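One-letter residues, chain by chain:
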Amino acid sequence: MPDPERWGPLPEEGVLGVRDLPAAVAAVGLQPGDPVFVRPDFVVDPELLKFALSSEFHPLGRETRRNYALDIRLLLTWLWRRGIPWRQATESDLRAYREFRCDSPLNPSRISGAKWDREAPAFTRLYRWAKVTPLPVDSRRRTDRAADARSSRVSWLTPRTWGLWQDVGLRGLGPDGTPVPGWDARTELRNTSFVGFTLSSGLRRQESGAMLTFEVPSRPLRSGRYCHGEVARALSRSKRDRTFYASVESLRQVSAYAESERAWAVARAQGCYEKLPLMR
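Residues numbered from 1 in each chain as written. Predicted model: local features only at pLDDT ≥ 70, side-chain atom pairs only at ≥ 80, totals over all residues. Heavy atoms only, no water.

J.: It is not clear to me how the overall build of the protein should be interpreted in this structure. Could you clarify?
T.: Looking only at helices and strands, the protein has nine helices and two strands in total. Mapped from its N terminus to its C terminus, the protein presents α and β elements in the order α-α-α-α-α-α-α-α-β-β-α. Here the protein has a C-alpha radius of gyration of 24 Å; the compact-globule value for 280 residues is 19 Å, and the former is much larger. Dimensions of the protein, computed from C-alpha atoms along their principal axes, come out at roughly 60 × 55 × 45 Å. Of all 280 residues assigned to the protein, the portion counted as buried reaches 31%. Across the protein, the fraction of contacts at a sequence separation of at least 24, relative to all contacts at a separation of at least 6, is 51%. Roughly 19,200 Å² of accessible area belongs to the protein as shown, and the carbon and sulfur atoms make up 55% of that amount. (Helix = DSSP H or I, 4+ residues; strand = E, 2+ residues; numbered from the N terminus. Rg over C-alpha atoms; globule rule 2.2 N^0.38 Å. Buried < 20%, exposed > 50% of the residue type's maximum accessible area, 1.4 Å probe, protein only. Contact = heavy atoms within 4.5 Å. Areas by Shrake-Rupley, 256 points an atom, 1.4 Å probe, with all protein chains shown as cover.)

Here's what the structure looks like:
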């Protein structure tokens with residue numbers, strides 16, 4: 001389900017006999033970000049639509065719903081190509097799918113055990129909602145978890161290595177510190193200020209990327225090295241307000257970006273707003 005501004009132009013005669021498609025979709029109960037499962041024969045699956053709107057799935061975070069929907073789509077496609085209705089899938093079918101995803105040489109995009117352990121809860125949630133017994137996959141069963149799964153390894157960077165990463169990846173410099181020919185520096189200040197602020201504050205990318213200008217802290221604490229701010233509950237994974245701290249230096253970078261590159265981009269785009277079909 002797209003956001004309102006991404007519907008695009010709709011024909012006056014409607015779509016498939018529906019004159020006001022956005023209103024019809026809203027009447028179903030779909031919200032922006034909700035998945036819609038369309039079968040290979042281009043028919044919306046009504047049962048899976050109920051699942052997307054169910055209390056088993058809908059209360060999940062938007063990013064979690066998106067990831068689960070993508071994982072479920074791959075499973076549904078695999079079953080469809082083998083003529084297996086998804087409700088009739090058995091434990092052996094799911095074992096075969098797991099083998100295909102993780103081990104089969106016929107699959108050029110094999111996944112790790114850790115990735116399978118993140119997909120299995122999506123399938124478990126679907127089949128638990130559908131009341132299929134016995135569950136063809138259950139992420140709580142040891143046999144349905146990957147034995148070779150490894151938790152993500154956290155690699156620590158030294159300040160020198162981190163500075164080199166920023167220079168090469170964000171500033172267009174070579175390992176020797178000289179500019180790389182052909183580097184497009186159009187968004188360099190934006191990228192470096194975003195990374196510096198996110199690193200300093202410890203915020204998630206979604207949290208720092210969705211923060212409004214007036215939410216960026218500006219008043220230093222007594223020590224003068226840090227500022228504190230609040231993450232709005234709508235942005236946090238826990239759906240609770242949270243306090244964070246960011247260094248004054250990282251906030252100076254954000255301020256420099258806001259007063260230069262960002263201000264220039266806003267001024268350049270102001271004449272284009274009237275052309276948009278939908279304004280917020």
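J.: When you look at the packing of aromatic side chains in this model, what are you seeing that I'm missing?
T.: Between two aromatic rings, the relevant description is the distance of the centres plus the angle of the planes. A complete count under the given rule lists 10 aromatic pairs for this structure. Each ring, one from Tyr97 and one from Trp116, has its centre 6.3 Å from the other, and the planes form 55 degrees; the classification is tilted. Of this pair, Tyr97 sits in helix α4 (residues 91–102) while Trp116 sits in helix α5 (residues 113–129), and the two are 19 residues apart along the sequence. Judged by its relative accessible area of 1%, Trp116 is buried. Between Trp162 and Trp165 the ring centres are 5.1 Å apart and the planes differ by 20 degrees, which places this aromatic pair in the stacked class. Taken as a pair, Trp162 and Trp165 lie in helix α6 (residues 159–169) at a separation of three residues, close to a single helical turn. Assessed through its relative accessible area of 43%, Trp165 is described here as partly exposed. Clustering of aromatic rings is evident, with ring pairs tying together Trp78, Tyr97, Phe100, Trp116 and Phe123. (Phe/Tyr/Trp six-rings, centres within 6.5 Å; stacked < 30°, edge-to-face > 60°.)

J.: In this structure, what is going on with helix α3 (residues 62–81)? I would like to understand it.
T.: In an α-helix, one turn spans 3.6 residues, which is why side chains three or four residues apart end up on the same side. Here α3 contains 20 residues, and its C-alpha end-to-end distance of 29 Å stays within 8% of the 28 Å for a straight helix at 1.5 Å per residue. Within the span of α3, buried status applies to Arg65, Tyr68, Ala69, Asp71, Ile72, Leu75, Leu76, Trp78 and Leu79. Summarising the contacts, the buried residues of α3 are in contact with α2 (46–52), α4 and α5. In the segment just after α3, Gly83 is the residue with positive phi, at about 70 degrees. (Expected span 1.5 Å × (residues − 1).)

J.: When you look at a nonpolar patch on the surface in this model, what are you seeing that I'm missing?
T.: On the surface, Val36, Val38, Phe42 and Val44 cluster together to form a nonpolar patch covering roughly 390 Å² of accessible area. Tracing the sequence through the fold places Val36 in the loop between α1 (21–28) and α2. (Patch = residues over 30% accessible without salt bridge, like charges linked within 9 Å, V, L, I, M, F, W, Y side chains within 5 Å. Salt bridge = Lys/Arg side-chain N within 4 Å of Asp/Glu carboxyl O.)

J.: For this particular structure, what's the right way to read empty space enclosed by the protein?
T.: Gaps left between atoms are located by rolling a probe of water-molecule size over the structure's atoms. Throughout the structure, instances matching the rule amount to one cavity of 30 Å³ or more. Every residue lining the largest cavity is listed: Glu91, Leu94, Arg95, Arg98, Trp116, Pro136, Val137 and Asp144. Per-element accounting of the lining of the largest cavity gives the leading share, four residues, to α4. (1 Å grid on protein atoms, 1.4 Å probe; cavity = no way out; pocket = protein on both sides within 12 Å on 5 of 7 lines; lining within 4 Å. Points joined across faces, edges and corners; volume = space filled by probe spheres on them.)

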